[in-house]
Structure formats: structure tokens, C-alpha cells
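# Fold and geometry: a report
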Amino acid sequence: MGSSSSSYAPKTVYLDVDGKVQKVVFSRHCSPCDIKELLCTSSNIPRHTAIMMVDPEGALVSMDPTMPPNSPNSLYKVVPLSTGQVGEKEDMFQNVLTQVADQFSRAFRINELKTEVTNRLAMLEKRVELEGLKVVEIEKCKNDLKKLRDEMASRGCRVNCTCKYNFDDGKKVTPRRDVSNYPKYTLSQETIEALKKPTFDVWHWEHNEMLSCLEYMYHDLGLVKEFNMNPITLKRWLLAIQENYRNNPFHNFRHCFCVSQMMYGMINLCNLQEKMTLTDMGILMTAAVCHDLDHPGYNNTYQINARTELAVRYNDISPLENHHCAVAFQILSLPECNIFANVDSEAFKQFRQAIITLILATDMARHGEILESFKQKVDSFDFTNEEHVTCLKMVLIKCCDISNEVRPTEVAEPWVDCLLEEYFMQSDREKSEGLPVAPFMDRDKVTKPTAQIGFIKFVLIPMFETVMKLFPQIEEIMVQPLRDSRDHYEELKQIDDAMTEGSSFVIKLRKDL
């Protein structure tokens, strides 16, 4: 018992501090680091200063729990190491790094972040496993881009961003496979219910399944019956639509399905069938399905700056959106794909004009104009006023077109990666052609948080909150996820900024030393 007690007894040493005796008591279980700090404090020396301790004869004394005891008559002295002594810089640098690490650990909860990163990595790995095809498509786009660059370099000139179709040669768009090769899927009740919600996971479906879901939406909304659509013609039309979306990283058929499913979800969530006509439902759904047909993967700014065929054809006025409309009605001009074949000519004119109006509204250059117009109407909105309803339909397709952040994080975040990949393809091409590059598209300047924060705060939230005034039921399921997404990306940006600042501090410190 006696030996056990003595092993826990504190240890005492006596120091000479400015000619006075200073008693220092510490546990035998203290670390050498703690003992050094205690000795520095007792000797009025700044913490983390490199020190040594000597006995009255000048011999070095170890500064750890095993140091030999002394008495008030045989004082130890703590001496700061001089500038020229070996190891000073290394100790100072190590001390600073230790402080920085401690501060980072306390400020940013490193262990919690490690756990979160691990969980997110596991989620991403699962997503990549499930969506290997998407990755392959992106890689294919990268390879196509490389080939294009090589071709441009060999020609020494600019290559125009062309569209698939030459409208002067009378050539028509046709689906490359017929309905016989279009498998019939029976949707489960669970899928049917999920389709009506913004939380629907669009990444778990192959193209044929997405076609079946779109077909179901037209039947469920009563559009097939209302417009006397031939069900086989509807299938052929959907096939032609799918065939005429390109394999871009972002603006592809999955994006078309995503926007159309969100439109179907908003129709159900906002009970639009009770407030608007079936003609309005048909216009909303068809415009959503067709809104990005034959998108080349390069936006209007590129088309105009590069003076492409599309920009020349449409006089720099929404060239892409005009092209989407043209391809949409070229498909509908085919008898085997004309889902409105049984609609009288006057009604078809109204359909055509309304669909064109909605697709042209998806040009983000018109965002401020359209939202301001809707804000002026929303407080006294009248569903019997045609102008009010048209403005609402324009805002609804805009909401659906840019609604990815409304969805759960695991569904929304891969879309950000796809969009940035498409942006980087464009900015790389703009650099190679000597064209202006938008900072939000430049791979050397943009990050995922910086790309999303401004867009969510100043575009998405104001627009959805305005729609919420008319349909309060969207707040919980659509507006709140946007606010959560904004907070998520702002937190990521704070962490990125802190890490950058810490790295800069360490680099500067290395230079100073």
C-alpha cells in the first residue's frame, strides 16, 4: 500500500527565478510538454519558448517526470535557448503548428467533420455504383471534347457549335426505334405516389422506365382522353423526344424527365387541376418535356459570342430556346408523332403559341423581367384572367427547370457536378477560341459552394417564395429544402475559406522562418 501511494505522490522541484526561490509541484504522470509549460510559467518565460534547465554546476537536467529532485539549497535554473542554438526554429515551427492544429480542431470540430466526410464518401460511392452509366456518359463527353480540341488545333480555326438538324434541306426528325422495341413497364403503387412528390429520386431509372413514367403522367392527368391522343402515337412521340436529347453532362434526357416530373409534382401539390384547365395542363407538361430539345451543351452566351449558326439564325435572341421550340414542332409535324393530330387547327395554334411562350421563358436572361411581372400580379391573382394564368405558367416552368436544389441532397448534389462539368467544357472551349469566359464557369475560379450559394439565395429562394404566396402548401416541401441547401453550402464555404486561410498562414510562416 505504501509503495502504491508514493507512486501517485506529487513531485517538487525548486527553481532560481530572479534570485528568489520558486517552488514547483507537479504530478509524476504529467507529460514532458506539460512540465515544460509549467517551468516556463514559473520562470516568467513565455509559453512554448524553447528552454533548458541546469543545476548549480551548469549540468543539464531532464525536464520530465523522472528528473532528479533538488532542495532549496540546490536550485535549478530555467534558461531560454539562445537564437543560435540547435533546433530553435524546428521547435518554434512545431509549436506554431500545434497551436494551429488545436485551434482548427476546436473551431471546426475536426472529428465530427471526419465522420461526416466518411459518411458522404460512402454515399457517393454507392451513388457512383448505381449510376455507372452516368459516369460513362460524362467520360464520353470529355473524350468528345478532347477530339474536338485536337480537330480545332489541326485546322487552326474556330469550329461552329452546330445543331443536329438543317432546316433548309427538308429533312425530318424521326425516332431511331419503334414502339415494338419500347418495353412496357407496370408502375408500382409506390412509384406512382413517389412521382407526385419533389423528393422523387430521378437517378434510379433507366431511359425506358423514364419513358413509361412520362407516358403514365399524360394518362393520369387525363390528357390522352381530353385530346383524343392515340396511345401508340404518344409512345412514338416520347421515343422521338428521347432520341433528340443529346448526351450532355447536364442538358440531357434525364434533365428533361427531371423537369417534367417536377412539373407533374407541382400540378398535384398545388391542386392545379382544380384551378386551371386541362389545356393548361397539356401545355405545362408538353413544354416541360420539350424545353431543352437538342441542347448542344453550350449556352446562349457562347452561341452569341462565337456567332454560331443558331445565333445567326435567331438574331442573337434566345437562340437555344428558339431552337428547342423548332425541334419540338418539327417532331410534332410527323404524322406518326403528332399527339395533337385530333385537335382542331385553331386549338392547335393556341397550343403551339402557348408552348413556345413557355419554352422561351426558360431563357435565364429574362428571369428578372418574368419574376417582376408575376410579383405585380400575385397579391391579386385571378385564375380567370388569361394574362395572369400565362404569367403563372411561365413562372412554373422556370421553377421546374432550375428546381434540383428542392430535392434531397443525395439527389440534388450530383446535378451540381454535372452542371459544373458542362460549364467547364464550355469555358475550356471559350479559352481555346479566345472568347470571354464567365467566372462562374471557369474551373480555375469556381467551387461547388460558390457556384450554388448566390444562385440559391438570389434566384431560387426569391422565386419560390413568391410562388408560395399563391400556394402556401409548397413551403415545407419545396421552400424549406432550398433554405437548408443554402445553409449547407454556406457552411461548406466557411470551412473552405478557413482551410485556405490556414494554408496561407502556414505558407507565410515557412517563408518568414
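Remember, predicted model here, so these are calculated numbers, not experimental data. (Residues numbered from 1 in each chain as written. Predicted model: local features only at pLDDT ≥ 70, side-chain atom pairs only at ≥ 80, totals over all residues. Heavy atoms only, no water.)

Right, let's talk about the overall build of the protein chain for a bit. The number of helices and strands found in the protein chain is 20 helices and five strands. For the protein chain, restricting intrachain contacts to residue pairs at least 6 apart in sequence, the fraction spanning at least 24 positions comes to 72%. Accessible surface for the protein chain amounts to roughly 26,000 Å². Of this, 52% is attributable to carbon and sulfur atoms. (Helix = DSSP H or I, 4+ residues; strand = E, 2+ residues; numbered from the N terminus. Contact = heavy atoms within 4.5 Å. Areas by Shrake-Rupley, 256 points an atom, 1.4 Å probe, with all protein chains shown as cover.)

This part takes up helix H9 (residues 231–243). With 13 residues, H9 should reach 18 Å at 1.5 Å per residue; the first-to-last C-alpha distance of 19 Å fits that figure. Taken across its 13 residues, H9 has ten buried, putting it largely inside the fold. Regarding H9, the residues found buried are Thr 233, Leu 234, Lys 235, Trp 237, Leu 238, Leu 239, Ala 240, Ile 241, Gln 242 and Glu 243. Along its buried surface, H9 packs onto helix H7 (207–220), helix H8 (223–226), helix H10 (253–269), helix H11 (278–290) and helix H14 (319–332). The residue sitting at the N-terminus of H9 and contributing the capping side-chain oxygen is Asn 230; that oxygen lies 2.9 Å from the backbone nitrogen of Ile 232. (Expected span 1.5 Å × (residues − 1). Buried < 20%, exposed > 50% of the residue type's maximum accessible area, 1.4 Å probe, protein only. Polar contact = N/O pair within 3.5 Å; in protein donor to acceptor, adjacent residues only side chain to side chain.)

Taken from the UniProt record, the annotation "binding site: Zn(2+) 1" (unreviewed entry) applies to His 255, His 291, Asp 292 and Asp 401. The largest pairwise C-alpha distance within this set of annotated residues, which runs over 147 residues, is 10.0 Å, so the set is compact in three dimensions. Secondary-structure assignment places His 255 in helix H10. Other than its neighbours up to four places away in sequence, His 255 contacts Phe 250, His 291, Asp 292, Asp 401 and Trp 415. Take Asp 401: its relative accessible area is 13%, and that puts it in the buried class. If sequence neighbours within four positions are ignored, Asp 401 has contacts with His 255, Val 259, His 291, Asp 292 and Thr 362. Only 3.0 Å separates the side chain of Asp 401 from the side chain of His 291, close enough to count as a polar contact. (UniProt positions renumbered as here; feature names shortened; annotations may be inferred.)

Here we take up H7. Under the 1.5 Å per step criterion, the end-to-end length of H7 is 20 Å for 14 residues, consistent within 8% with the ideal 20 Å. Those residues of H7 lying buried are Asn 208, Met 210, Leu 211, Ser 212, Cys 213, Leu 214, Glu 215, Met 217 and Tyr 218. Where H7 is buried, its residues contact helix H6 (189–195), H8, H9, H10 and H11. Following H7 by one or two positions, Gly 222 has its phi on the positive side, about 85°.

Let us now look at the nonpolar core. If you look at the biggest cluster of nonpolar residues, it comprises 107 residues, and the most contacted ones within it are Tyr 218, Trp 237, Ile 241 and Phe 464. Per element, the largest residue contribution to this core is eleven residues, and it comes from helix H19 (residues 448–470). With residues up to four places along the chain from it excluded, the contact list for Phe 464 reads Cys 399, Ser 403, Val 406, Ile 474, Met 478, Val 479 and Leu 482. In this structure, Leu 39, Val 61, Met 67 and Tyr 76 belong to the second largest nonpolar core, which totals 16 residues. (Core = buried A, V, L, I, M, F, W, Y, C linked by side-chain atoms within 4.5 Å.)

Turning our attention to the side chain of Glu 215. Mapping Glu 215 onto the fold places it in helix H7. Of the polar contacts made by the side chain of Glu 215, one reaches the side chain of Lys 235; its length is 3.2 Å.

To continue, consider the UniProt feature "binding site: AMP" (unreviewed entry) in the protein chain. The sites that UniProt annotates as "binding site: AMP" (unreviewed entry) are His 251, Asn 252, Phe 253, Arg 254, His 255, Asp 292, Asp 401 and Gln 452. Considering the arrangement of structural elements, one finds His 251 in the loop between H9 and H10. A relative accessible area of 14% places His 251 in the buried class. When sequence neighbours within four positions are dropped, the list of residues in contact with His 251 reads Arg 246, Asp 292, His 295 and Glu 422. Considering the arrangement of structural elements, one finds Arg 254 in helix H10. A polar side-chain atom of Arg 254 sits 2.8 Å from the main-chain carbonyl oxygen of Trp 205.

Notably, Asn 228 is not glycine yet its phi reads approximately 50°, a positive angle. Residue class for Asn 228 comes out partly exposed when judged on its relative accessible area of 48%.

Tallied over the entire structure, the rule returns 16 aromatic pairs. Ring plane angle 15° and centroid distance 5.6 Å describe the contact between Phe 200 and Trp 205, whose orientation is recorded as stacked. Taken together, the ring pairs connect Phe 227, Phe 329, Phe 340, Phe 348 and Phe 351 into an aromatic cluster. Positioned above the aromatic ring of Phe 329, the side-chain terminus of Arg 352 is 4.7 Å from the ring centre. The ring centre of Tyr 298 lies 4.6 Å from the NZ or CZ of Arg 429, which sits over that ring. (Phe/Tyr/Trp six-rings, centres within 6.5 Å; stacked < 30°, edge-to-face > 60°. Lys NZ or Arg CZ within 6 Å of the ring centre and 35° of its normal.)

In terms of strand pairing, strand S3 (residues 51–54) meets strand S5 (residues 77–80) through four bridges, oriented antiparallel. The residue bridging Met 52 from the neighbouring strand is Val 79, located in S5. As judged from the two bridges shared by S3 and strand S4 (residues 60–61), these two strands associate in the antiparallel manner. Note that in S4 the partner of Met 53 across the bridge is Val 61. (Pairing = 2+ DSSP bridges.)

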